[in-house]
Amino acid sequence: MQHTAYIQGIEFDYCCVHAAYSLSDVGYETIMINCNPETVSTDYDTSNKLYFEPLTHEDVISIIEKESKNGNVLGVIVQLGGQTPLKIASNLEKAGIKILGTSVKAIDLAEDRKNFKNLLKKLKLNQPLNDVASSKNEAIKITNKIGFPVVIRPSYVLGGRAMEIVHNNEQLLRYINDAVKVSGNNPVLIDSFLKNAIEVDVDAICDGNDTFIAGIMEHIEEAGIHSGDSACALPPQTLEKKIINKIILQTKKLAKELNVIGFINIQFAVQSDKIFILEVNPRGSRTIPFVAKSTGIPLVKLASQIMTGKKLSDFRISHHKINHISVKEAVFPFARFPGTDVILGPEMKSTGEVMGIGSTFGEAFAKSQLGAGINLPLEGQVFISIKDDDKKNIIPIAKNLESLGFKICATFGTAKTLNNNSINTKYVKKVIEGRPNAVDAMLSKEIQLVINTAEGTNSIKDSFSLRQTALLNKIPYYTTVQGAKAATLAIKSIKNKNLGIKSLQSYFE
């Protein structure tokens, strides 16, 4: 009997469970290695054998040595368990254990900053201007060369921890002096921040030669917000066909060059007509369950069997047209942590996700909000406080809200913009301007929806109490214009009674 072992982290439980089922169906004995009791993968009937052990290379090597006495161990799957198994893959390979699917060399190439930069240059693909700084002076020099704003973060971190968008020298110095220690052993990564760019996630499966594009997801929030915190739509809602075709072509190029066998996830940013590569992960991503449920295609079943030697041509993959729209929304724990700022940024804050599905984007987004515990208002007053760059884009949103019967109130600059564009807007003071202010109005239940975008340290600090009051009083709030636009479409869909209830399976009949 040939054995297949899995190494798994909690976030990718779905992938590991479906891989175990898939490979059991084609005759492999499956072995799960996981020490998390809160996963389905550790249920007694998920795999043939379960090792409830820490995910260290020493423990995994010991398990493989033991299992080798019982039969031939085909290899280990590491690309379905997130970052943890990837970190020990090299040591497993050195111990003579076969890594199934994409090679360790290809995984390292995608994660090595310098080598990956050279790879993109070879393929003539764009990347935001970037560099690595190993000292304070180097960080200042690189940032001045790239130009503000920049995204700066420590190397070797998960979830965008300690990542920040820096807009000026003052913020840069504060980050370097207070947030992280910059040294040769702890370099920081500095990237040009792409303003007003649309972020796109692509999940694909490759067999080393052919590539199947599983899903292209357009983020609702702009680039700069962590992909785990962004709501996203599948299929894309605003991207032109020519941009989508270029994204497909670039995905196939990268998968072939990296010799991917199994999953690959690529994060793109689209700024005007230019496409940039933000990140490439030659492994399963956290979006795989969402894409599989949205498309009705058993992605993990396909990928896991391809990792053991099958080709895409061995499967009859249905390329049926999707006539529905799916929206993934992040779920946040803010209510459980008083004092935490709800504003979204490059550091991940969400703890889960939900999915909404419908015949229109408004319906799908409305369902995603309901799933995330957000009850959108159907009447009342909307408070709007917007940074200068967003004022032009908030006008059509405010007009739509007014046409839906909402009253509008706003801070001075925003109110002036809206009134100048024939939107009847009441002026409400900021908290720093005295009382009665926007927070007082929320506490008096005069405001039912909050739209607040802020940029820069002072602006974010000044509007903190606004977001906190909305959170504590369960008032829906949106901190991006894109999120506000989606919420407006959702409210319209609810008011028009367009929320249909159907089983997931009925969307694929």
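Because the structure is predicted, anything quoted here is derived from the model rather than measured.

I'd like to hear about the confidence of the model for the protein chain, residue by residue, with values.
Per-residue confidence for the protein chain gives a mean pLDDT of 86; residues scoring 70 or more make up 91%. Between residues 5–10, whose pLDDT stays under 50, and residues either more than four places distant or in other chains, the model counts 38 contacts.

Help me get a handle on the side chain of Arg283, residues and values and all.
On the secondary structure map, Arg283 appears in the loop between strand S14 (274–281) and helix H9 (288–295). Accessibility expressed as a relative area gives 12% for Arg283, which makes it buried. Those residues within four positions of Arg283 in sequence are excluded, and the remaining contacts are Phe12, Gln79, Gly82, Gln83, Leu86, Phe263, Ile264 and Asn265.

Tell me about the environment of Phe12, and name the residues and values.
Structurally, Phe12 can be placed in the loop between strand S1 (3–7) and helix H1 (13–25). A C-alpha to C-alpha distance of 9.6 Å links Phe12 and Ser41, two positions 29 residues apart in sequence. Residues contacting Phe12, with those up to four places away along its chain left out, are Leu80, Gly81, Gly82, Arg283, Gly284, Ser285 and Arg286.

Describe a negative patch on the surface, naming the residues involved and giving the relevant values.
On the surface, Glu93, Asp108, Glu111, Asp112 and Glu279 cluster together to form a negatively charged patch. Secondary-structure assignment places Asp112 in the loop between helix H4 (104–111) and helix H5 (113–122). By relative accessible area, which is 32% here, Asp112 ends up partly exposed.

Quick one: what's the story with the packing of aromatic side chains, residue by residue and with numbers?
Evaluation of the coordinates by the stated rule reveals two aromatic pairs. Aromatic pair Phe412 and Tyr427: ring centres 5.9 Å apart, planes at 85°, arrangement edge-to-face. With a gap of 15 residues between them, Phe412 in helix H13 (residues 412–420) and Tyr427 in strand S19 (residues 425–427) connect regions that are remote in the sequence. Positioned above the aromatic ring of Tyr507 is the side chain of Lys502, whose terminal nitrogen or guanidinium carbon lies 4.3 Å from the ring centre.

Just give me the short version of helix H12 (residues 391–403), but keep the residues and values in it.
For H12, with 13 residues, the first-to-last C-alpha span of 19 Å sits near the 18 Å given by 1.5 Å per residue. Burial in H12 covers these residues: Lys391, Ile394, Ile395, Ile397, Ala398 and Leu401. Following H12 by one or two positions, Gly405 has its phi on the positive side, about 100°.

Criteria and cut-off values
Residues numbered from 1 in each chain as written. Predicted model: local features only at pLDDT ≥ 70, side-chain atom pairs only at ≥ 80, totals over all residues. Heavy atoms only, no water. pLDDT = per-residue confidence, 0-100. Contact = heavy atoms within 4.5 Å. Helix = DSSP H or I, 4+ residues; strand = E, 2+ residues; numbered from the N terminus. Buried < 20%, exposed > 50% of the residue type's maximum accessible area, 1.4 Å probe, protein only. Patch = residues over 30% accessible without salt bridge, like charges linked within 9 Å, V, L, I, M, F, W, Y side chains within 5 Å. Areas by Shrake-Rupley, 256 points an atom, 1.4 Å probe, with all protein chains shown as cover. Salt bridge = Lys/Arg side-chain N within 4 Å of Asp/Glu carboxyl O. Lys, Arg positive; Asp, Glu negative; His and termini not counted. Charge placed at Lys NZ, Arg CZ, Asp CG, Glu CD. Phe/Tyr/Trp six-rings, centres within 6.5 Å; stacked < 30°, edge-to-face > 60°. Lys NZ or Arg CZ within 6 Å of the ring centre and 35° of its normal. Expected span 1.5 Å × (residues − 1).

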